[in-house]
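# Per-entry structural report
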Amino acid sequence: MIQATCRLAAFILLMLGNALCAFAQPSMGVATLPTVGLRYTKVGYDTTSFNPGPGGADVVWDFSTLAMRTDSVLVRVIGPTEFTTKQRTLFPNAQLGIVEDTTFRAYETTPTVFRQHGLETPKINTVVATTNPFDTRPADITFNKPFTDTYNAVTNVVGSPVPLQETGSVNLVYDGYGTLKLRGNTFTNVGRISAQQTVIDTLKLPGPTPTTFVIRTVTLSATWYESTSAVPIFTIGSVSRLVLRNGETIEGPIATRFSYGRRTVADTTSTSVEETVITSSDLSPNPVQAGALVTLPLQGSEPVTVVLMDVVGRQTVLSASTMVPSAEGLGVRIPSVPPGMYSIVATSASNVWQFRCVVQ
């Protein structure tokens, strides 16, 4: 009788313990969705030790050894009154736009999902079909309950008379909660959302010999949130791209790692150098061709060192012979690098300037 009572008590305690763990899960609800007026800075992290770690309950994710890089970008959430005329035309039903450097993404918040209407950059615009919309995530995400959505879209490229037909899918799950450690900060009671987004763009070129290009892009990511904030604490992941021409591989698969997050206390106070973040609109020209001269809006006689950094942190130090001072600023000749997004980091004894640059 005593043993039976003890077993019953142990069972009740186990059930109560499980219930308490369930209540300890951070809520990934509407408070984690961006709203108009939100502004924050994404700072790049070193991706050498790329490993998002396990999911589960009461996990400790320790990324305290990851170094913060110098590249950063301002993220702004704007309302329709701040859209350009072109953006209002492309996305007439969007409720908000997220601006990150030169990329604009249009969204709508419904009672059940956060829906993307498309995106616009200086070179392309993608409009998602209303008949098969892109639901990026549920408004309220339930722990360990997977979410999947597929969508169709059309992408128009500047200079191309033929649009790309796009199909895509997203699979995500709120798969872990616990403690996240970054250099200088520890965040408790955070949740992690793991996602895979697959995009397939198809371009069919007519002519005597019709050609079909297929570009398959797969993005894997793990992002940590506090339940009360739409600003991600930390994101780590990879992007893989494969290009086919008439069914034959001509590029890839090429995988690129990435990670970014909030600026931490240790890195903010570790240097007395003032940091100034300047967006790509301050560069001329931008985009730029490899081998061409781009002008940084820097004045003064203070010596600077200039580094070109790609999205995975590989650096190319530019020699003084490639720099040409002028009345407009400091001209820097772009070395022979592959096309893509780069950061130009200029450092003096008292300042650090960062510029986003697209090399064509």
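Residues numbered from 1 in each chain as written. Predicted model: local features only at pLDDT ≥ 70, side-chain atom pairs only at ≥ 80, totals over all residues. Heavy atoms only, no water.

So, on to the confidence of the model for the protein. Averaged over every residue, the pLDDT of the protein is 83; the share at 70 or more is 84%. Note on residues 1-6: pLDDT is under 50 here. Beyond four places in sequence and across chains, it has zero contacts. Low pLDDT, under 50, characterises residues 8-23; the stretch is placed with two contacts to residues that sit more than four places away or in other chains. (pLDDT = per-residue confidence, 0-100. Contact = heavy atoms within 4.5 Å.)

Of all hydrophobic cores here, the largest spans 20 residues; its most connected members are Val306, Val332 and Ile344. Counting residues per element, the ones that place at least two in this core are β16 (293-296), β17 (305-309), β20 (329-333), β21 (340-347) and β22 (351-359). Broken down by element, this core gets its largest block of residues, four residues, from β22. In contact with Val332, not counting residues within four places along its chain, are Ala292, Leu293, Val294, Leu296, Val306, Leu318, Thr322 and Met323. Core analysis: the second largest hydrophobic core is formed by 16 residues, Val43, Val59, Val190 and Phe234 among them. (Core = buried A, V, L, I, M, F, W, Y, C linked by side-chain atoms within 4.5 Å. Buried < 20%, exposed > 50% of the residue type's maximum accessible area, 1.4 Å probe, protein only. Helix = DSSP H or I, 4+ residues; strand = E, 2+ residues; numbered from the N terminus.)

Where charged atoms from two side chains of opposite charge come close, those side chains can pair. The final tally for this structure, using the stated rule, is six salt bridges. The closest approach of N and O atoms between Arg192 and Asp175, which form a salt bridge, is 2.9 Å. With Arg192 in strand β11 (residues 185-205) and Asp175 in strand β10 (residues 164-182), the pair connects residues that are 17 residues apart, well separated along the chain. Look at Arg192 and you get buried, because its relative accessible area is 4%. Since its relative accessible area comes to 14%, Asp175 is described here as buried. Its salt-bridge partner being Glu226, residue Arg262 comes within 3.1 Å of it at the nearest N-O pair. Linking Arg262 in the loop between β14 (248-261) and α3 (265-269) with Glu226 in the loop between β12 (211-225) and β13 (234-245), this pair joins segments that are 36 residues apart in sequence. (Salt bridge = Lys/Arg side-chain N within 4 Å of Asp/Glu carboxyl O.)

We now examine the environment of Val324. For Val324, the position within the fold is in strand β19 (residues 323-326). Between the C-alpha atoms of Val324 and Val294, which are 30 residues apart in sequence, the distance is 9.7 Å. Excluding anything up to four places from it in sequence, Val324 contacts Leu293, Gly329, Leu330 and Gly331.

Residue Gly252 is joined to Pro253 through a cis peptide bond whose omega torsion reads 0°. Secondary-structure assignment places Pro253 in strand β14. Of note, the phi angle at Asn144 is positive, near 60°, even though the residue is not glycine. Positive phi values are uncommon outside glycine, yet Asn246 reaches one of about 50°. One can find Asn246 in the loop between β13 and β14. Classification of Asn246 by relative accessible area gives partly exposed; the value is 46%.

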